[in-house]
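# Report on the structure
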Amino acid sequence: MLRKFLPDQHVADIFEITPETLKEKNIKGIITDLDNTLVAWNEPNATVAIKEWFNQMASNGIKVSVVSNNDRKRVKHFTTPLNRPYIHRANKPLKGAFRKSLKEMQLKKEEVVVVGDQIMTDIFGGNRAGFHTILVVPILQTDDKATKFNRKIERFILNKLEKRGWIEWQGKKN
Ligand SMILES: [Mg+2]
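This write-up is about the structure you can find in this document. (Residues numbered from 1 in each chain as written. Predicted model: local features only at pLDDT ≥ 70, side-chain atom pairs only at ≥ 80, totals over all residues. Heavy atoms only, no water.)

## What about the overall build of the protein?
Applicable threshold: In this description a helix means any DSSP run of H or I spanning at least four residues, a strand means any run of E spanning at least two, and both kinds are numbered starting from the N terminus. All radius of gyration figures rest on C-alpha atoms, and the globule criterion is 2.2 Å times the number of residues raised to 0.38. With a 1.4 Å probe rolled over the protein chains alone, any residue whose accessible area is under 20% of its type maximum counts as buried; one over 50% counts as exposed, and the rest are partly exposed.
For the protein, the helix and strand inventory stands at six helices and six strands. Helices and strands in the protein line up, N terminus first, as β-α-β-α-β-α-β-α-β-α-β-α. A compact globule built from 174 residues would reach a C-alpha radius of gyration of about 16 Å, and the protein, at 15 Å, matches this within 12%. Each principal axis of the C-alpha distribution contributes one length, and for the protein these read about 40 × 35 × 30 Å. In the protein, which comprises 174 residues, the proportion classed as buried is 49%.

The following block contains the structure:
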């Protein structure tokens, strides 16, 4: 059970995920979280660096889809200028949105990674749905109300994972 919370990979930020590192693993698509993964949860717009990251992926033929538990207004506002598909109110860790996103991408599950900053939603959900999962350090050390509770459980699980020597996590809050 605990293994389902363990990411396959962890990185300091989204920019460590490059077309080169993905191509090595034959990855052709990314299902990414939004809040505290691409930008801070209270930042409405993509930064210049994030726009550049999306462009880089596109020019290398890597599909990116934004799958967020946040509401339509937030997710649509963020993704529209990037011209990328999105799913809002995704209900992660449930599998539905991951499956839908994969279908839209027309790729195989093995060709897609799931990226996010939360163990309870992004990683647990991505693992349950059978994807390679990548955990990023949350951009901000604060969260919206809905996430605060999940973070408490996350700290508990991270402690267990660390005790077993399965993960050394720099994003853990004390
Ligand atoms: Mg997030």
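## A word on the packing of aromatic side chains
This is how the line gets drawn: Pairing of aromatic side chains requires ring centres within 6.5 Å, counting the rings of Phe and Tyr and the six-membered ring of Trp. Pairs whose planes differ by under 30 degrees are stacked, by over 60 edge-to-face, and all others tilted. A ring is scored as having a charge over it whenever the NZ atom of a lysine or the CZ atom of an arginine sits within 6 Å of its centre and within 35 degrees of its normal.
In total, this model carries three aromatic pairs according to the counting rule given. Where Phe98 meets Phe131, the ring centres are 6.2 Å apart and the plane angle is 45 degrees; that geometry is what we call tilted. Linking Phe98 in helix H4 (residues 96-105) with Phe131 in the loop between helix H5 (119-128) and strand S6 (132-136), this pair joins segments that are 33 residues apart in sequence. Here Phe131 falls in the buried class, since its relative accessible area comes to 5%. Lying across the ring of Trp166, Arg164 places its NZ or CZ 5.3 Å from the centre.

## Concerning the layout of surface pockets
Stated precisely, the cut-off is as follows: A pocket, in this scheme, is an open set of points on a 1 Å grid over the protein atoms alone with protein on both sides within 12 Å along at least 5 of 7 lines, while a cavity is a set where a 1.4 Å probe fits but cannot get out; residues line either one if an atom lies within 4 Å of a point. Grid points are joined across faces, edges and corners, and a volume is the space filled by probe spheres set on the points. Side-chain classes follow a simple rule in which Ala, Val, Leu, Ile, Met, Phe, Trp, Tyr, Cys and Pro form the nonpolar group, Asp, Glu, Lys and Arg form the charged group, and the remainder, Gly included, forms the polar group.
Its boundaries defined by the atoms lining it, the largest pocket holds a volume of some 310 Å³. For the largest pocket, the lining is made up of 20 residues, of which Asn69, Asn70, Gln118, Asp144 and Thr147 are closest to its centre. Those elements that place two or more of their residues in the lining of the largest pocket are H5 and helix H6 (145-163). The element that contributes the greatest number of residues to the lining of the largest pocket is H6, accounting for four residues. Taken together, the residues of the lining of the largest pocket break down into two nonpolar, eight polar and ten charged.

## Describing the packing of H5 against H6
This is how it is decided: For helices, the fitted line uses only the C-alpha atoms of the stretch in contact; every axis is such a line through C-alpha atoms, and the angle between N-to-C directions lies from 0 to 180 degrees. Angles below 35 degrees are treated as roughly parallel, those above 145 as roughly antiparallel, those between 65 and 115 as roughly perpendicular, and all remaining angles as oblique. In what follows, residue pairs with any heavy atoms lying within 4.5 Å of each other are defined as contacts.
Where H5 meets H6, the closest approach of the two axes is 10 Å, and the angle between their N-to-C directions is 60 degrees. Taken as axis vectors, H5 and H6 run oblique relative to one another. Within the contact between the two elements, H5 uses Ile119, Met120 and Thr121 and H6 uses Asn150, Ile153, Glu154, Ile157 and Leu158. In terms of residue class, the contact of H5 with H6 is made up of five nonpolar, two polar and one charged.

## Considerations on the side chain of Arg84
The cut-off we apply is this: Lys and Arg are tallied as positive, Asp and Glu as negative. Neither His nor the chain termini are counted. What counts as a salt bridge is simple: a side-chain nitrogen of Lys or Arg found within 4 Å of a carboxyl oxygen of Asp or Glu. By the criterion applied in these results, polar contacts are pairs of N or O atoms within 3.5 Å in which, for protein atoms, one can donate a hydrogen and the other can accept it, and in which residues neighboring in sequence qualify only through two side-chain atoms.
With respect to the secondary-structure elements, Arg84 resides in the loop between helix H3 (72-79) and strand S4 (86-87). As a buried residue without a salt bridge, Arg84 has its nearest oppositely charged side chain in Glu52, at a separation of 10 Å. For Arg84, the side chain forms a polar contact with the main-chain oxygen of Phe54, separated by 3.1 Å. Only 2.4 Å separates the side chain of Arg84 from the backbone oxygen of Leu82, close enough to count as a polar contact. In contact with Arg84, not counting residues within four places along its chain, are Phe54, Asn55, Ala58, Val64 and Thr79.

## Quick look at the coordination of the magnesium ion
What counts here: Water is absent from the atoms considered, so a metal site may look incomplete; donors are defined as N, O and S atoms within 2.8 Å of the metal, or 3.2 Å for Na, K and Ca.
Coordination of the magnesium ion by the protein involves Asp33 (OD), Asp35 (O) and Asp117 (OD), with metal-donor separations of 2.1 to 2.2 Å. If you list the donors of the magnesium ion from N- to C-terminus, the spacing comes out as D-x1-D-x81-D. Of the residues examined, Asp35 reaches a relative accessible area of 12% and is grouped as buried.

## Regarding the sheet that holds S6
Hydrogen bonds along the backbone pair up the strands of a sheet, which may run parallel or antiparallel. In plain terms, the rule: Should DSSP find at least two bridges between two strands, the strands are regarded as paired.
Spatially, six strands are ordered S1-S6-S5-S2-S3-S4 in an open sheet, and the strand pairing comes out parallel. The open sheet is flanked by strand S1 (9-11) and S4, the only strands paired with a single partner. In this sheet, strand S5 (residues 112-116) lies alongside strand S2 (residues 29-32) in parallel orientation, the contact comprising four bridges. When the bridges of S5 are listed, Gly29 appears paired with Val112. Contacting S2 and strand S3 (63-67), helix H2 (residues 48-59) crosses the sheet at an angle of about 135 degrees to S3.

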